[in-house]
Amino acid sequence: MFSSLSERCVPGSFNVSGIFGTEILGINTHLVTNYSASVPSIYRYTQPGLELSNATFCNVTVSYTHPGQNDTVIVETWLPADNWNGRFQAVGGSGYAAGRFELSYVTMQGALGDGYATSTTDAGLGFAFSPTWALLSPGNVNMYLLQNLGYTSLEDQAYMSKKIIQDFYGKGPDFSYWNGCSQGGRQGLQIAQLYPRLYDGIAAGAPAINWNRWLASLLWAQQLMNMMNAYPYNCELDAIVAAAVSSCDGQDGLVDGIISDVDACFDTFDPFSVVGKSIDCADTGGQIKVTNTAAIVFNATSQGSRTTEGNPIWYGYNIGTDVTGVNPLSLGLPAPAITNCTTGTCTGAPAIIATSWLQSFIARDLNFSYSEANLTFAEFDYFVHQSHVKYESAMGTSDPDLTGFEKAGGKLLTFHGLADSLIPPKGSQQYYNAVASAFPDIDNFYRHFESPGLSHCWGGRGGQPSQLFAQLRAWVENGTAPTQTPVQVNTTDGKNQKRVLCPYPQKAQIKTVGGKDNGTIYWSCSDDNSNILASQETVRPRICEESLRVTFVLILRDVQHQVEETNQTCYEMLG
């Protein structure tokens, strides 16, 4: 078999013409031998790390176009020559990259090591970690390429890769799976919504759904600081985060540096209680006191973005999240409230993924700079509204109607870190609730897992659900639905602790504290279904919400008095 498969690794073995709406430009093949790689688990999201050693596979790269759209799209498929397990695992992208970049290739290496045929697509964007492809000319967005990223390329990738697999092995895959996080998670949910028969199982982590809204929350703290013309030191916000963790850590019965019940912490922790406390500050090289400004920024970050009327746009970041990204455990992930204080004077440091969206798709001008624009509140509100109106169909990925996916027998597993500093995890919870309101038997095809302490796809003290993909496969192929999934967390004492994640809305609870085995603490899943909510477009009130409304009104009327009056209002609410 090995010899015959290797001999098939030539362009003439493959015929992917005839896929509706496409025109093949070329097929290149390369037999790769003695291929080795060390694959870390963090870039596999739902699968453990592995060592890939001396692999042989056929790399088939197809370039094609959609006639009339002037694009060139590439789908790359890896076909193991000696250990194919009869299955196909497609992988997703990250940021503005649909695929075919470093993280996609690492995920493919892991899939190859497990015996999967695997593929990725660039959606016609090339290596696109920033949207350099967005504009045809000043003022004119390339909607064809945006649609490629949003959904079109996903259907093409599946059809082409499955045909390539059939041509190479003489049979198609027995089962087909999707694996992705962030943009890759959004792609996975887009497939379930729009192309429900393409994959038998989908693993989607920290999905960037509701794209136009969560970007507003990512930029919200920066906008608020700009409107106040006040920028706290990162150490101040870090001190408030540390105080929140100290206050709420033990609510689950275990002090481990992780907030498990983020909702309870929202309702009880007061960021203004930290104001005036002296802290050691790396930004200044000495001691400073936490300011009202820092508490206001923190409060706004956790409350989420707002309109000029004070109404919610989208969810904020859970308390306990590293909102500055300074913590080494965050591994350099973007954060919503980071400032740059290297010159001695702090300025905002907005995440590029958000500012480039405003630049390329809203202002539609590469000369536009968010940091220099000094947007008013009304202008920010208008930009967010424009984003939603113009691009929801391409990038929103928020349709809860999974009728086609359910009828096709598909299985969907999603996860989201509760300390995600890029995409608010409440968005994934809201989507699950929306689907659940339409499908009373949702557990038959869709389960969602929340990981306390985990940041965006990786990082933080929380653990990645590295067994979730194996559980997805067991659910698809054997009918065994996951009732929990194991993770390892990094506790404050430097130990790796085993615990479990439960299908939402269940929560992990300590079953036995006294029984320990090599650092293991035993957990079980509660049966509390009280957190299932009807689909909603609003965010439930949190502590000091009225003070946040006062903040906005005062920003519009009189910036000078905003800090003092907002703090007073918050304390009045707290009694």
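Residues numbered from 1 in each chain as written. Predicted model: local features only at pLDDT ≥ 70, side-chain atom pairs only at ≥ 80, totals over all residues. Heavy atoms only, no water.

S.K.: Report on the nonpolar core, specifying residues and quantitative values.
M.R.: In this structure, Trp 214 and Trp 357 are the most contacted members of the largest nonpolar core, which totals 78 residues. Listing elements by their share of this core, those giving two or more residues are helix H3 (143-169), helix H5 (211-228), helix H6 (234-248), helix H7 (262-268), strand E10 (278-281), helix H8 (292-303), helix H9 (352-362) and helix H11 (377-396). The element that contributes the greatest number of residues to this core is H5, accounting for 12 residues. Among residues more than four places away in sequence, those in contact with Trp 357 are Tyr 96, Leu 146, Trp 211, Asn 212, Leu 215, Ile 362, Ser 387, Tyr 391 and Met 395. (Core = buried A, V, L, I, M, F, W, Y, C linked by side-chain atoms within 4.5 Å. Buried < 20%, exposed > 50% of the residue type's maximum accessible area, 1.4 Å probe, protein only. Helix = DSSP H or I, 4+ residues; strand = E, 2+ residues; numbered from the N terminus. Contact = heavy atoms within 4.5 Å.)

S.K.: Describe the sheet that holds strand E3 (residues 73-80), listing the residues and the values that go with them.
M.R.: Strand order in the open sheet formed by nine strands is E1-E2-E3-E5-E4-E8-E9-E14-E15, and the pairing between neighbours is mixed. The sheet terminates laterally at strand E1 (23-39) and strand E15 (446-451), the two strands that pair on one side only. Each strand axis lies, on average, 15° off the axis of its neighbour in the sheet, ignoring direction. Sheet topology places E3 next to strand E5 (residues 117-121); four bridges connect them, and they run antiparallel. Paired with Val 75 across the bridge in E5 is Thr 121. Against the sheet, helix H2 (residues 102-113) engages E1, strand E2 (50-65), E3, strand E4 (87-91), E5 and strand E8 (175-181), with an angle of about 120° to E2. (Pairing = 2+ DSSP bridges. Axes fitted to C-alpha atoms, helices over the stretch in contact; angles between N-to-C directions.)

S.K.: If you had to explain the state of the cysteines to someone new, which residues and values would you point to?
M.R.: The full count for this structure, using the stated rule, is six disulfides. Across a sulfur-sulfur distance of 2.1 Å, Cys 248 and Cys 265 are joined as a disulfide pair. Taking the sign of the torsion about the S-S bond as the criterion, the disulfide between Cys 248 and Cys 265, at about 80°, is right-handed. In this pair, Cys 248 sits in helix H6 while Cys 265 sits in helix H7, placing the two residues 17 residues apart along the sequence. Across the pair, exposure class does not vary: Cys 248 and Cys 265 are buried alike. There is a disulfide in this structure between Cys 502 and Cys 525, and the S-S distance comes to 2.1 Å. Sign of the S-S torsion, about -90° for the bond between Cys 502 and Cys 525, identifies this disulfide as left-handed. On the criterion of sequence distance, the pair formed by Cys 502 in the loop between strand E17 (496-501) and strand E18 (508-517) and Cys 525 in strand E19 (residues 520-525) is long-range, its members being 23 residues apart. The burial state of Cys 502 is the same as that of Cys 525; both residues are buried. (Disulfide = S-S within 2.5 Å.)

Coordinates in, geometry out; function isn't part of it.
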